[in-house]
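Chain and residue survey
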Amino acid sequence: MWYAITATDHPDSLAARKAARPAHLARLQALHEQGRMLLAGPFPAIDAEDPGPAGFSGSLIVAEFVDLAAARTWAEADPYRAAGVYRSVEVKPFRKVLP
C-alpha cells in the first residue's frame, strides 16, 4: 500500500538540511530503485522553485510499504530526522486515484 509521509521542518534548519541531504537522497533513491517510490520532494518556504536562503518548510514522500508500522519505522529513521531538520513527521495511508 502507498503511504504519505509529511514532515515539517524546524525553523532555520536549512544548514542541517543541506548537510544531511546526500544521506536522505540515498534512501529515497533506494526506494525508487525498488519501484516503491511514487513521488518525493520538499516544500519551498516561499513561492519559488529555488527558495534560496528562505529554505524549505518540510517534505512530502509517497512510497509503498508493507504496512503503516513499516512506513512509520522508515520515516523515523530518515537522516533529516536524525539531523534535527524535521520538527514533526506524520505518516498516513494513501490511495492513489489519478493519474
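Residues numbered from 1 in each chain as written. Predicted model: local features only at pLDDT ≥ 70, side-chain atom pairs only at ≥ 80, totals over all residues. Heavy atoms only, no water.

1. What to know about the pairing of strand E1 (residues 2–9)
Stated precisely, the cut-off is as follows: Paired strands are those between which DSSP finds at least two bridges. Numbered from the N terminus, helices here are DSSP runs of H or I no shorter than four residues, and strands are runs of E no shorter than two.
Where E1 lies against strand E3 (residues 56–64), seven bridges are found, and the strand directions are antiparallel. Bridging across to E3, threonine 8 finds its partner in glycine 58.

2. Section: the packing of aromatic side chains
Both the distance between ring centres and the angle between the ring planes are used here to describe each pair of aromatic rings. How we decide: The aromatic pairing rule takes the rings of Phe, Tyr and Trp, using the six-membered ring of Trp, and pairs them if the centres are within 6.5 Å, calling planes under 30 degrees apart stacked, those over 60 edge-to-face and the rest tilted. Each residue gets one of three labels from its accessible area relative to the maximum for its type: buried under 20%, exposed over 50%, partly exposed in between, using a 1.4 Å probe on protein chains only. A ring is considered to have a charge above it if a Lys NZ or an Arg CZ atom is located within 6 Å of its centre and within 35 degrees of its normal.
Under the definition given, this model contains three aromatic pairs. Taken together, a centroid distance of 5.5 Å and an interplanar angle of 90° make the contact between tyrosine 80 and tyrosine 86 edge-to-face. When sorted by exposure, tyrosine 80 lands in the same class as tyrosine 86, which is buried. If you follow arginine 27 out to its NZ or CZ, it ends over the ring of tryptophan 74, 4.0 Å from the centre.

3. What to know about unusual backbone geometry
In this structure, proline 99 follows leucine 98 across a cis peptide bond, with omega equal to -15°. Along the chain, proline 99 turns up in the segment after strand E4 (86–94). Here the phi dihedral of aspartate 12 falls at roughly 55°; this positive angle occurs in a residue that is not glycine. Within the secondary structure, aspartate 12 is located in the loop between E1 and helix H1 (14–33).

4. Concerning the nonpolar core
Using the following cut-off: For this analysis, a nonpolar core means a set of buried residues of the types Ala, Val, Leu, Ile, Met, Phe, Trp, Tyr and Cys, connected via side-chain atoms within 4.5 Å.
By size, the foremost hydrophobic cluster in this structure holds 18 residues, and its most contacted members are Ile5, Ile61, Phe65, Trp74, Val89 and Val91. Of all the secondary structure elements, the ones that give two or more residues to this core are E1, H1, E3, helix H2 (68–76) and E4.

5. What about H1?
What counts, and what does not: Expected helix span is taken as 1.5 Å per residue step, with the number of steps being one fewer than the number of residues. Axes are fitted to the seven residues ending at a residue and to the seven starting at it; the angle between these axes is taken as the bend at that residue. Whether two residues touch is decided by their heavy atoms; if any such pair falls within 4.5 Å, the residues are in contact.
Counted at 1.5 Å a residue, the expected span for H1 with its 20 residues is 28 Å, and the 27 Å between its end C-alpha atoms agrees. If you look at H1, its biggest bend is around 55°, right at arginine 21, and the proline proline 22 turns up within four residues after that. Every buried residue of H1 is accounted for by Leu14, Arg17, Ala20, His24, Arg27, Leu28 and Leu31. Packing partners of the buried residues in H1 comprise E1, strand E2 (37–44), E3, H2, helix H3 (79–82) and E4. Two residues or fewer past H1, glycine 35 is found with a positive phi of approximately 75°.

6. Quick look at the sheet that holds E4
Let me state the cut-off plainly: Only C-alpha atoms enter the line fits that serve as axes; for helices the fit covers just the stretch in contact. Angles between N-to-C directions range over 0 to 180 degrees.
With antiparallel pairing, four strands are arranged side by side in an open sheet as E2-E3-E1-E4. Of all the strands in the sheet, the pair left with one neighbour each is E2 and E4. Recorded for the sheet is a direction-independent mean angle of 10° between the axes of neighbouring strands. For E2 and E3, the ladder comprises seven bridges, and the chain directions are antiparallel. If you follow leucine 39 over to E3, its bridge partner there is valine 62. Of the strands in this sheet, E1, E2, E3 and E4 touch H1, which is tilted by about 10° from E3.

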